[in-house]
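Survey of secondary and tertiary structure
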Amino acid sequence: MKHRDVIIACDFSSAEATLQFLDKFTDCKPFVKIGMELYYAAGPAIVQQIKARGHKIFLDLKLHDIPNTVKKAMAVLSKMDVDMCNLHAAGTIEMMKAALEGLTREDGTRPLLIAVTQLTSTSEERMQRELLINASINDTIVQYARNAKEAGLDGVVCSPLEAGMVKEACGEAFVTVTPGVRFADGEVGDQVRVTTPARAKEIGTDYIVVGRPITQATDPVAAYKRCVEEFVG
Ligand code: C5P
């Protein structure tokens, strides 16, 4: 397996809270996801601070705008030396291609670029009624994943339960990044379609994104290590 890893969703509202949390990890440097809340609160400096501590970073800002704007924004993110970033596949293949161009550095290297297909908070009923998409949600997810692949992207964010069909449609090498992971004996919270780290491994997803089961645990480092043990083995 090429790059199976556990990404901790650092859903904190300040740099202080985030760094205090990361201080607990003295003997390992987990892959960290920075989302909109933390990025808007703490700015690009938090990316540099976490990077300087030796963590890999998934910057989860879900860009969606006209191709030229996304291309320029991606060029800025690329300079911040993040390892993974994302956008909405709904922005079209043209937008995704532009994003890839913006993200690619002069030496040809770039962070992984992942597309959001349909958010897991969007139900099939709402997608059809409000967005006037008549296809099923599964067909829509697969089509958006195919578009992302055609644009040259590395993979998609999807629920663990969708990872199998995405791999089937786009090939094993197409990366899947999946939130909605819970321990078998843990609380589910507001997530609906969840699975365990062990089951996510069986399904064959590449990265799991785990927030509260680690950040709210009594012993976050032990919870992270349990996740790695179950998922990476
Ligand atoms: O705390 P929890 O494990 O539910 O955190 C999951 C993380 O993944 C959160 O940062 C959430 O915003 C993100 N996410 C998600 N579902 C998606 C996309 C992102 O839960 N479809």
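Look above for the structure.
Scoring rules and cut-offs
Residues numbered from 1 in each chain as written. Predicted model: local features only at pLDDT ≥ 70, side-chain atom pairs only at ≥ 80, totals over all residues. Heavy atoms only, no water. Helix = DSSP H or I, 4+ residues; strand = E, 2+ residues; numbered from the N terminus. Rg over C-alpha atoms; globule rule 2.2 N^0.38 Å. Buried < 20%, exposed > 50% of the residue type's maximum accessible area, 1.4 Å probe, protein only. Contact = heavy atoms within 4.5 Å. Salt bridge = Lys/Arg side-chain N within 4 Å of Asp/Glu carboxyl O. Near = heavy atom within 4 Å. Polar contact = N/O pair within 3.5 Å; in protein donor to acceptor, adjacent residues only side chain to side chain. Areas by Shrake-Rupley, 256 points an atom, 1.4 Å probe, with all protein chains shown as cover.

1. Quick look at the overall build of the protein chain
Scanning the protein chain for helices and strands turns up eleven helices and eight strands. The C-alpha radius of gyration of the protein chain comes to 17 Å, within 12% of the 17 Å expected for a compact globule of 233 residues. Expressed along its principal axes, the backbone C-alpha trace of the protein chain runs to roughly 45 × 40 × 35 Å. Here the protein chain holds 233 residues, and the buried ones make up 48% of them. Within the protein chain, residue pairs in contact and separated by at least 24 positions form 66% of the contacts whose partners lie at least 6 positions apart.

2. A closer look at the pattern of salt bridges
It is possible for side chains bearing opposite charge to pair when their charged atoms get close. Counted according to the given criterion, the structure contains 14 salt bridges. Salt-bridge contacts for Glu101 lead to Lys71; the nearest nitrogen and oxygen are separated by 3.0 Å. In this pair, Glu101 is assigned in helix α5 (residues 92–103) and Lys71 in helix α4 (residues 67–79), connecting sequence segments 30 residues apart. Classification of Glu101 as exposed rests on a relative accessible area of 52%. Accessibility expressed as a relative area gives 30% for Lys71, which makes it partly exposed. Within this structure, Lys33, Asp60 and Lys62 form a network of salt bridges that share partners.

3. Topic: the site of the ligand
In the neighbourhood of the ligand, the contacting residues comprise Ala9, Asp11, Lys33, Thr120, Pro179, Arg182, Gln191, Val209, Val210, Gly211, Arg212 and Pro213. In the environment of the ligand, a nitrogen atom lies 2.7 Å from a nitrogen or oxygen atom belonging to the side chain of Thr120. Arg212 is positioned with one of its side-chain polar atoms (N or O) 2.7 Å from an oxygen atom of the ligand. The fraction of the free accessible surface of the ligand (470 Å²) that becomes covered by protein chains is 81%. Among the secondary structure elements, those contributing two or more residues to the shell around the ligand are β8 (207–210) and α10 (212–215).

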